[in-house]
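# Structural overview
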Amino acid sequence: SEGIHYAVSMSMIEIYKEVGHDLLARGAGTGQRPNKKMPIVTVTVNAGQSVLHGAKRTALASEEDGLGQYFLGDLNRTVAETPHNLASSRSHCVCTIFIEASEPA
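Residues numbered from 1 in each chain as written. Predicted model: local features only at pLDDT ≥ 70, side-chain atom pairs only at ≥ 80, totals over all residues. Heavy atoms only, no water.

Quick look at the confidence of the model for the protein now. Overall, the predicted model of the protein reaches an average pLDDT of 82, with 81% of residues at or above 70. Within the protein, the lowest mean pLDDT, 81, falls on strand 4 (residues 49-53), and the highest, 96, falls on strand 5 (residues 58-60). (pLDDT = per-residue confidence, 0-100. Helix = DSSP H or I, 4+ residues; strand = E, 2+ residues; numbered from the N terminus.)

Here it is, written out as structure tokens:
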């Protein structure tokens, strides 16, 4: 609709060994785990809704921006060899895209 402002952002976390980590944190590195320190993300449930605490929301200006952030987060995931998969992720990943609409004041 005309006059409505849209803001798009995303967060990306992984859950590895029962601990959440922010994959988009500045300075998180590029796939150097387990030595790098990643910010811890906690999850609470409030009125049936899961809420992330500590996950950075990165503003996105374009589709390319979003893909770049997604690939950065993917690089920061924990990867370790298993007998059946040489590049197993060994973790679960949650990528959330937020779209917020607001009318001009």
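On to the nonpolar core, then. In this structure, Met10, Met12, Leu23, Leu24, Met38 and Leu60 together form the largest nonpolar core, which totals 6 residues. The residues touching leucine 60, leaving out its near neighbours within four places in the chain, are Val8, Ser9, Met10, Asp65, Gly66 and Gln69. (Core = buried A, V, L, I, M, F, W, Y, C linked by side-chain atoms within 4.5 Å. Buried < 20%, exposed > 50% of the residue type's maximum accessible area, 1.4 Å probe, protein only. Contact = heavy atoms within 4.5 Å.)

Here we come to the environment of isoleucine 13. Checked against the element boundaries, isoleucine 13 lands in strand 1 (residues 5-16). The exposure class of isoleucine 13 is buried, given its relative accessible area of 2%. Spatially, the C-alpha atom of isoleucine 13 lies 8.4 Å from that of histidine 92, the residues being 79 residues apart in sequence.

On to the packing of aromatic side chains, then. By convention here, two paired aromatic rings are described through the distance between centres and the angle between planes. Taken as a whole and judged by the stated rule, the model has 1 aromatic pair. Geometrically, the ring pair formed by tyrosine 70 and phenylalanine 71 is edge-to-face, given 5.7 Å between the ring centres and 70° between the ring planes. When its relative accessible area of 35% is taken as the criterion, tyrosine 70 is described as partly exposed. Directly above the aromatic system of phenylalanine 98 lies the positively charged group of arginine 57, at a separation of 3.7 Å from the ring centroid. (Phe/Tyr/Trp six-rings, centres within 6.5 Å; stacked < 30°, edge-to-face > 60°. Lys NZ or Arg CZ within 6 Å of the ring centre and 35° of its normal.)

This part covers the side chain of serine 11. Within the fold, serine 11 resides in strand 1. With sequence-adjacent residues up to four places away left out, serine 11 is seen in contact with Leu24, Leu52, Ala55, Lys56, Arg57, Val94, Cys95, Thr96 and Phe98.

Even without glycine at this site, alanine 47 takes up a positive phi of about 55°. As for its position among the elements, alanine 47 is in the loop between strand 3 (40-46) and strand 4.

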